[in-house]
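# Breakdown of the fold
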Amino acid sequence: MGLMEQKQHFSVNLLDWYMINRRDLPWRRHNNPYFTWVSEIMLQQTRVDTVIPYFNRFIANFPTVQALAEAPEEDVLKNWEGLGYYSRARNLQAAAQQVMELHGGEMPQDKQAVFALKGVGPYTAGAILSIAFNQPQPAVDGNVMRVLSRYFLIDEDIMKGSTRVLMEELAGELIPEGRARDFNQALMELGALVCTPKAPHCLTCPVMEQCSGRIAGRELTLPVKTKAKPPRPEQRLVALVEGRGEHRGQVLVRQRPATGLLARMWELPHVLAAPAAAGKAAGPLADEPAMALLAGSLWAEGFAARPEGLATHAEHVFSHIVWNLQVYKCTEQDQGSDELPLIAAEARAAYDAAAQAAAKEMAASMLEASPSASDLDGEILAEAAVISPDSALTQTGKGDGLIYRWIGPKDMDKLAFPNVFLKLLSSYFAGAYDEVKE
DNA sequence: AAGTCGGGGCG
DNA sequence: CGCCCAGACTT
């Protein structure tokens, strides 16, 4: 069997299979380029079942490019809450504004113009051009690379950029004349439903007969993929500050900076328990120093609060970091309380000492790793580690710092929180931590 | 080329 | 509950 025949077999049988087995998805019901675009951004790193309710709500609230372009960013973020990778939402809105200004609100059909939109890379550009406009452009995502690597037995590491380029060339050749829209979706549909990562359903696969990977018994070892390095652990102390007086029934929250991790999302105040030594898990911090540190960091931000006790633990996993959270219930105090500044000063001193120790350890381990490095390098490393600790403590507060607010349960439907804080706040407002004692 | 950026599902 | 999934942007 030649390569030409193998390709022909693939394209014909896959397309036939798709026309019978295609799922009825909200963004497939109308041929609306805006719907295609929104769905493709949402589907990046996110499964179909998760996206469906978000897509429906998003389109209901922002039915057109113009509606999205003109919406308050806060509303867009709130509609993305819980979906993750929040820069997708900000890029999508920025791109909607691009479409308004450069293309009169109409989705461009030119490859360069689509690719130039914020948040649109090689995959998404191909998906939009093929699905919305039936242009014969490849749309190579993880599903497609898995399917192609198995069917054509391609051993290249799919994490390499060069492999994606190779896959795009191949995927482009496979598109049947005039059928880009259906074929590209068929490819991804097969990867999602049949040619799955762990336990592919080869026996029901429409192209199994000429699948080189299966024939070679390699379906479980393909695609070849370098595994990601494990996330670094961070121990963090979270303050659940219960308001008193005029803030009774409210909790203190803050908005994260405009860039970086969880940009512009709201959260409970928290602080790094200790600057982690290189490659070392810090582990939980004892309650007493933890509460002192938390009080100190809140004081530095302009808030007087007394930690009462540990309310709960929580975990939040990112691709590159894992937050281990110790959540302390705290109560708001009078600003005039003369005891708190003292706690703050002690906490700050303890924190600096811990940072100093960690930095020395890190410098030592790096010197050990590369003996050629001079003592001077060690000094510089130590210095760097001390002056680059968590922002919460280095913020001078008031002015250049984060935005803090007291909120009640009703404010929850305006502000966007990452899931971990959403769950903590929901539990708190439901009375889950009432039993915490001092 | 390597690091940054969330969240959920599966065996 | 350890492991897997992986697109765009930044550096």
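The coordinates are above.
Every chain is numbered independently, its residues counted from 1 as its sequence is written. The order in which chains are written sets their letters, starting at A; the order in which ligands are written sets their numbers, starting at 1. In keeping with the model being predicted, local features are shown solely for residues with a pLDDT of at least 70 and side-chain atom pairs are shown and tallied solely at 80 or more, while totals for entire chains, interfaces and linings include all residues. Calculated side-chain values reflect all of the structure's heavy atoms, with hydrogen atoms and water omitted.

## Considering the protein's contact with DNA strand B
Neighbouring residues are identified by heavy atoms, a residue being near a molecule or strand if any of them is within 4 Å of it. As a structural note, the neighbourhood of DNA strand B is formed by 18 residues, with Gln45, Tyr85, Tyr86, Leu262 and His316 the closest of them. The contact atoms of DNA strand B, taken as those within 4 Å of the protein, divide so that sugar and phosphate hold 62%. A distance of 3.2 Å separates a phosphate oxygen of DNA strand B from a polar atom in the backbone of Leu261. Whenever two N or O atoms come within 3.5 Å, that pair is a polar contact, provided that in protein one can donate a hydrogen and the other can accept it, and provided that, for residues adjacent in sequence, both atoms are side-chain atoms. With respect to DNA strand B, the side chain of Ser319 contributes an N or O atom lying 3.2 Å from a base nitrogen. Residue polarity follows a fixed list, in which Ala, Val, Leu, Ile, Met, Phe, Trp, Tyr, Cys and Pro are nonpolar, Asp, Glu, Lys and Arg are charged, and the others, Gly among them, are polar. Across the surface near DNA strand B, the residue classes tally to eight nonpolar, nine polar and one charged.

## Re the pairing of strand E6 (residues 321–332)
Within E6, 11 of the 12 residues are buried, which leaves the element mostly enclosed by the surrounding structure. Looking at chain direction, strand E1 (residues 232–242) and E6 are connected through 11 bridges and run parallel. Paired with Arg232 across the strands is Ile321, a residue of E6. Strands were regarded as paired on the criterion that DSSP finds at least two bridges between them. Secondary structure elements follow DSSP: runs of H or I no shorter than four residues count as helices, runs of E no shorter than two count as strands, and numbering proceeds from the N terminus. Two strands pair when backbone bridges link them, and strand E5 (residues 305–317) and E6 are joined in this way by 11 bridges, in the antiparallel orientation. With a 1.4 Å probe rolled over the protein chains alone, any residue whose accessible area is under 20% of its type maximum counts as buried; one over 50% counts as exposed, and the rest are partly exposed.

## Quick look at the protein's contact with DNA strand C
Taken together, 18 residues sit near DNA strand C, with Gln45, Gly119, Gly121, Thr124 and Gly142 positioned nearest. Backbone atoms, meaning sugar and phosphate, form 74% of the atoms of DNA strand C found within 4 Å of the protein. Residue Gly119 places a main-chain N or O atom 2.5 Å away from a phosphate oxygen belonging to DNA strand C. Separating a phosphate oxygen of DNA strand C from a backbone N or O atom of Gly142 is a distance of 2.4 Å. Of all the secondary structure elements, the ones that give two or more residues to the surface near DNA strand C are helix H8 (122–133) and helix H9 (142–151). Residues that form the surface near DNA strand C fall into these classes: five nonpolar, eight polar and five charged.

## Some words on the environment of Tyr433
Inspection of the secondary structure assignment puts Tyr433 in the segment after helix H17 (419–429). Along the chain, Tyr433 and Ala311 lie 122 residues apart, while their C-alpha atoms are 6.0 Å from each other. Two residues form a contact once any of their heavy atoms are found within 4.5 Å. Ignoring sequence-local partners within four residues, the contact set of Tyr433 consists of Leu240, Ala311, Thr312, Lys329, Leu424, Ser427 and Tyr428.

## Considerations on the pattern of salt bridges
A pair is scored as a salt bridge if a Lys or Arg side-chain nitrogen falls within 4 Å of a carboxyl oxygen belonging to Asp or Glu. All told, the structure shown has 17 salt bridges when counted by the stated rule. Between Arg405 and Asp411 there is a salt bridge, with the nearest N and O atoms lying 4.0 Å from each other. The exposure class assigned to Arg405 is partly exposed, which follows from its relative accessible area of 33%. Among the ionic pairs, Asp411 bridges to Lys414, the shortest N-O distance being 3.8 Å. Residue Asp411 is classed as buried on the basis of its relative accessible area of 16%.

## Brief notes about the packing of helix H2 (residues 33–43) against helix H6 (residues 87–103)
Every angle, taken between N-to-C directions, lies between 0 and 180 degrees, and every axis is a line fitted to C-alpha atoms, over only the stretch in contact when it is a helix. It is the contact of H2 with H6, at a shortest axis distance of 10 Å, that shows an interaxial angle of 155°. One element, H2, and the other, H6, form an angle in the roughly antiparallel class. With respect to the hand of their crossing, H2 and H6 are arranged in right-handed fashion. Mapping the contact onto sequence places Trp37, Val38, Ile41, Met42 and Leu43 in H2 and Arg88, Leu92, Ala95, Ala96 and Val99 in H6. Here the contact of H2 with H6 is composed, by residue class, of nine nonpolar, no polar and one charged. Orientation labels follow simple angle bins: below 35 degrees gives roughly parallel, above 145 gives roughly antiparallel, 65 to 115 gives roughly perpendicular, and whatever is left gives oblique. Should the near helix be turned counterclockwise from the far one by less than a right angle, the crossing is left-handed, whereas a clockwise turn marks it as right-handed.

## Examining helix H1 (residues 3–21)
In a regular helix each residue adds 1.5 Å, so 19 residues correspond to 27 Å; H1 covers 26 Å between its end C-alpha atoms and thus fits that length. Every buried residue of H1 is listed here: Gln6, Lys7, His9, Phe10, Ser11, Leu14, Leu15, Trp17 and Tyr18. Its buried side turned inward, H1 meets H9, helix H10 (161–174), helix H11 (180–193) and helix H12 (212–215). In this analysis, the expected span of each helix is defined as 1.5 Å times one less than the number of residues it contains.

## Examining unusual backbone geometry
In this structure, Pro223 follows Leu222 across a cis peptide bond, with omega equal to 0°. Although it is not a glycine, Asn134 adopts a positive phi angle of roughly 55°. Within the element layout of this structure, Asn134 appears in the loop between H8 and H9. Look at Asn134 and you get partly exposed, because its relative accessible area is 25%.

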